[in-house]
Amino acid sequence: MPASPDEIILKARELSRLISEHDLTRKYEQALTEITKDRDAQELLSELIIMGQELNARAARGESMKPDSPSEQEFLRERFEKKPAVKNFIQAEKDYLNLLKAVIEKIKNPAS
């Protein structure tokens, strides 16, 4: 007998709770809190995102993936190394999103 909509919603709430209590979620939330308290880290993260978008756009057009200015790239690298909050946030976000992606994939393809 198939599950009722109410049973499905109940299981979804349980899954939501499990995800929210998972270590990866807590690490992500902690990293998010840290980065929101650090204006310089937020600005650096924004710059890195913009740089990534520009590189992706270049790749889509078949252009060189190199940044315009090696000195700008070096400057960003130095700032990145001095701001572990940015690195921690990027890694925590990646891990958290991978968890969500795995859950969504399992929902789409339960046999896999």
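Residues numbered from 1 in each chain as written. Predicted model: local features only at pLDDT ≥ 70, side-chain atom pairs only at ≥ 80, totals over all residues. Heavy atoms only, no water.

Peer 1: Sorry if this is basic, but what is going on with the overall build of the protein here?
Peer 2: Secondary structure summary: the protein contains five helices and zero strands in total. N-terminal to C-terminal, the α/β element order of the protein is α-α-α-α-α. In terms of C-alpha radius of gyration, the protein reaches 19 Å, well past the compact-globule figure of 13 Å for 112 residues. If one aligns the C-alpha atoms of the protein with their principal axes, the spans along those axes are about 65 × 35 × 20 Å. (Helix = DSSP H or I, 4+ residues; strand = E, 2+ residues; numbered from the N terminus. Rg over C-alpha atoms; globule rule 2.2 N^0.38 Å.)

Peer 1: I would appreciate a short explanation of the nonpolar core in the present structure.
Peer 2: One broad trend across soluble globular proteins is that nonpolar side chains are buried collectively. Judged by nonpolar contacts, the single largest core of 16 residues is most densely connected at Ile19, Tyr28, Ile35, Leu45, Val86 and Phe89. Looking at which element gives the most residues to this core, the answer is helix 5 (residues 84-108), with six residues. If we skip the residues at most four places from it in the chain, Ile19 touches Thr25, Tyr96, Leu99, Leu100 and Val103. (Core = buried A, V, L, I, M, F, W, Y, C linked by side-chain atoms within 4.5 Å. Buried < 20%, exposed > 50% of the residue type's maximum accessible area, 1.4 Å probe, protein only. Contact = heavy atoms within 4.5 Å.)

Peer 1: Is there a simple way to think about the pattern of salt bridges in this case?
Peer 2: Side-chain pairs of opposite charge can arise where the charged atoms are in close proximity. Inspection of every chain in the model, using the stated rule, returns seven salt bridges. Among the salt bridges present, the one from Arg17 reaches Glu21, with a minimum N-O distance of 3.0 Å. Highlighted residues: Arg17 and Glu21, both in helix 1 (residues 5-21), separated by four residues, approximately one helical turn. For Arg17, a relative accessible area of 39% gives the class partly exposed. In this structure, Arg39 and Glu43 form a salt bridge, with 3.7 Å as the shortest nitrogen-oxygen distance. With Arg39 and Glu43 both in helix 3 (residues 39-60) and four residues apart, this pair spans about one turn of that helix. By relative accessible area, which is 56% here, Arg39 ends up exposed. The network of salt bridges with shared partners includes Glu74, Arg77 and Glu81. (Salt bridge = Lys/Arg side-chain N within 4 Å of Asp/Glu carboxyl O.)

Peer 1: Which parts of the structure should I look at to understand the packing of helix 1 against helix 2 (residues 23-36)?
Peer 2: Angle between the axes and distance between the axes: these two values describe a pair of packed helices. For the pair helix 1 and helix 2, interaxial distance at closest approach is 5 Å and the crossing angle is 60 degrees. By the angle class used here, helix 1 and helix 2 are oblique. Mapping the contact onto sequence places Ile19, Ser20 and Glu21 in helix 1 and Asp23, Thr25 and Arg26 in helix 2. By residue class, the composition of the contact of helix 1 with helix 2 is one nonpolar, two polar and three charged. (Axes fitted to C-alpha atoms, helices over the stretch in contact; angles between N-to-C directions. Parallel < 35°, antiparallel > 145°, perpendicular 65-115°, else oblique. Nonpolar A, V, L, I, M, F, W, Y, C, P; charged D, E, K, R; others polar.)

Peer 1: What am I meant to see in the packing of helix 2 against helix 5 here?
Peer 2: One way to put it is that helix 2 packs onto helix 5 with a least axis distance of 8 Å and a crossing angle of 145 degrees. In this structure, helix 2 meets helix 5 at a crossing whose hand is left-handed. Seen from helix 2, the contacting residues are Leu24, Thr25, Lys27, Tyr28, Ala31, Leu32, Glu34 and Ile35; seen from helix 5, they are Ala85, Val86, Asn88, Phe89, Ala92, Glu93, Asp95, Tyr96 and Leu99. Partitioning the contact of helix 2 with helix 5 into residue classes produces eleven nonpolar, two polar and four charged. (Left-handed = near helix turned anticlockwise from the far one by under 90°.)

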